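Here are the chains, one letter per residue:
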Amino acid sequence: MAIGYYFILSALLFVVGLVGVLVRRNAIVLFMCVELMLNAVNLTLAAAARMWGGPDGQVFVFFVIVVAAAEVVVGLALIVNLFFRRGTLDVDVPQLLRY
Amino acid sequence: MGLTVVANALLGGGDQLTAEVVLFWVFAVLALGSALAVVTMRNIVHGALMLVINLLAIAGLYLTLESSFLSIIQVLVYAGAIMVLFLFVIMLLGVNRDDLLIARSLRTRVLAIVAGVALSGALLLAFVGPYTTSDSICGPDATETVAGDGTVRCIGLAERLGDDTSGVAFLGRQLFTRYTFPFELSALLLTVATIGAVILARRRDLEPEDLDPEGPDSDGPDSDGPERSGRDEQER
């Protein structure tokens, strides 16, 4: 398998996640789309690690997974708070920080 | 002519059907299909389950990339811990109804899809060609990454891994020598995230100022109902 096919696949996965973030308005679905994008980048890094024959890409994937775990913990706590205050998950509703 | 191009692409740039090619296509179709399902599913719980399939497919792709340690981590951390957290929050909030929240204006939707097509086109333009020829198939004979004619070779991890086929020692040695500082920082980050989540998840807090306490429903600031005040009293 030529290594480019992995790059193409992760590019497509990233674009799907990006379109999801732009189109959907549900906070939890937005979060899941961000996870899709993170995973697409992870796949690129792992493929690049194999292409170069070195460990650094895999180490980066490891750190990305750690940061994603921390991000999900804080983000979901924020979403729970938001839902209890506003009663909705629609990200268009909270406008306190708008100009 | 067209058929040979397609056949060449299906075989991943090579000329024989190896196990890696078969596994790649199986997992690639699974990953892309479930990613599309995450974006389009009406029910959030179904979307979350589709995301689990996506994460498992990517774990399978890590296996074909000779990164079995990452594959295990992916299953444990993502498909295990993170997705359980997602489903827990969905169930806790009781939002598993069929309400498709989607951008209201048509212009936003059309522009989003145009941006997606443009970005994927640009990325495909970069990758098709130099990375997809038969030179880019990972093998032991490649030592230089960039070949003379501009195509990119793939060195592969087989030689570096040697007997350590899982890659744990390979990765661990780097983590505890070259990447010690980021490793310790990530421990700190996880601690901070845990403390932050505990503080954020407490429910006794000030009300936001842009909510009118004497609003249309005169429940006022205590709109969470008796359940919440009962909990506050228990804490005291």
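In this text the structure is predicted, and so the values were computed from the model without any measurement.

1. A look at the overall build of chain A
Moving on, step 1. Regarding its fold elements, chain A presents three helices and zero strands.
Moving on, step 2. Each helix and strand of chain A, placed in order from N terminus to C terminus, yields the pattern α-α-α.
Moving on, step 3. By the compact-globule yardstick of 13 Å for 99 residues, chain A is too spread out, its C-alpha radius of gyration being 17 Å.
Moving on, step 4. Counting only C-alpha atoms and orienting by the principal axes, one finds that chain A spans roughly 50 × 25 × 25 Å.
Moving on, step 5. Out of the 99 residues in chain A, the part that is buried amounts to 61%.
Moving on, step 6. Here the analysis covers contacts within chain A between residues at least 6 apart in sequence; of these, 47% occur between residues at least 24 apart.

2. Describing the overall build of chain B
Moving on, step 1. The helix and strand tally for chain B stands at nine helices and zero strands.
Moving on, step 2. In sequence order, the secondary structure elements of chain B are arranged as α-α-α-α-α-α-α-α-α.
Moving on, step 3. A burial count over chain B gives 26% of its 236 residues as buried.
Moving on, step 4. In chain B, the proportion of contacts linking residues at least 24 apart, taken out of those at least 6 apart, comes to 41%.

3. Quick notes on the nonpolar core
Moving on, step 1. In terms of nonpolar packing, the biggest core is built from 85 residues, with I28(A) and M32(A) touching the most fellow members.
Moving on, step 2. Within the residue set of this core, elements represented by two or more residues are α1 (4-23), α2 (27-52) and α3 (56-86) of chain A together with α2 (19-40), α3 (44-64), α4 (68-93) and α7 (168-177) of chain B.
Moving on, step 3. With 16 residues, α2(A) is the largest single contributor of residues to this core.
Moving on, step 4. Residues within four places of I28(A) in sequence aside, it is in contact with I79(A), L89(A), I44(B), V89(B) and I90(B).

4. Comments concerning the interface of chain A and chain B
Moving on, step 1. At the interface, 63 residues of chain A touch 84 residues of chain B.
Moving on, step 2. For the side of chain A that touches chain B, the elements supplying multiple residues, two or more each, are α1, α2 and α3 of chain A.
Moving on, step 3. For the side of chain A that touches chain B, the element with the highest residue contribution is α3(A), accounting for 22 residues.
Moving on, step 4. Here the residues of the side of chain A that touches chain B are counted per class, giving 49 nonpolar, eight polar and six charged.

5. Section: α4(B)
Spacing of three or four residues puts side chains on the same side of an α-helix, whose turn is 3.6 residues.
Moving on, step 1. Relative to the 38 Å expected for 26 residues at 1.5 Å per residue, α4(B) spans 36 Å between its end C-alpha atoms, a close match to the ideal helical length.
Moving on, step 2. Taken together, the buried positions of α4(B) are L70(B), S71(B), I73(B), Q74(B), Y78(B), I82(B), M83(B), F86(B), V89(B) and I90(B).
Moving on, step 3. Tucked inside the fold, the buried residues of α4(B) contact α2 and α3 of chain A together with α3 of chain B.
Moving on, step 4. Following α4(B) by one or two positions, G94(B) has its phi on the positive side, about 60°.

6. Here we look at the environment of G75(A)
Residues and elements named next belong to chain A.
Moving on, step 1. With respect to the secondary-structure elements, G75 resides in helix α3.
Moving on, step 2. According to the C-beta neighbour criterion, G75 is buried, with 21 such atoms within 10 Å.
Moving on, step 3. Taking C-alpha positions, G75 is 22 Å from L13, a pair spaced 62 residues apart along the chain.

7. Points about unusual backbone geometry
Note: most peptide bonds trans; most residues except glycine with negative phi.
Moving on, step 1. Within the chain, E66(B) stands out as a residue other than glycine whose phi angle is a positive 60°.
Moving on, step 2. Counting through the fold element by element, E66(B) comes out in the loop between α3 and α4.

8. Some details on α2(A)
Residues and elements named next belong to chain A.
Moving on, step 1. Between its terminal C-alpha atoms α2 stretches 38 Å, which fits the 38 Å expected from 26 residues at 1.5 Å a residue.
Moving on, step 2. For α2, the tally of buried residues reaches 21 of 26 residues, placing the bulk of the element in the interior.
Moving on, step 3. With its phi angle positive at about 70°, G53 sits one or two positions after the end of α2.

9. Some words on the packing of α2(A) against α3(A)
All names here are of chain A.
Moving on, step 1. Between α2 and α3, the shortest axis-to-axis distance is 9 Å and the interhelical angle comes to 175°. With respect to each other, α2 and α3 are oriented roughly antiparallel. Where α2 abuts α3, its residues A27, I28, F31, E35, L38, V41, N42, L45, A46, A48 and A49 lie against D56, G57, Q58, F60, V61, V64, A68, G75, I79 and L82.
Moving on, step 2. Each residue belonging to the contact of α2 with α3 can be placed in one class, and the counts come to 15 nonpolar, four polar and two charged.

Quick notes on the rules
- Residues numbered from 1 in each chain as written.
- Chains lettered and ligands numbered in written order.
- Predicted model: local features only at pLDDT ≥ 70, side-chain atom pairs only at ≥ 80, totals over all residues.
- Helix = DSSP H or I, 4+ residues; strand = E, 2+ residues; numbered from the N terminus.
- Rg over C-alpha atoms; globule rule 2.2 N^0.38 Å.
- Buried ≥ 20, exposed ≤ 12 C-beta atoms within 10 Å, placed from the backbone.
- Contact = placed C-beta atoms within 7 Å.
- Core = buried A, V, L, I, M, F, W, Y, C linked by C-beta atoms within 7 Å.
- Nonpolar A, V, L, I, M, F, W, Y, C, P; charged D, E, K, R; others polar.
- Expected span 1.5 Å × (residues − 1).
- Axes fitted to C-alpha atoms, helices over the stretch in contact; angles between N-to-C directions.
- Parallel < 35°, antiparallel > 145°, perpendicular 65-115°, else oblique.

Structural measurements only, silent on function.
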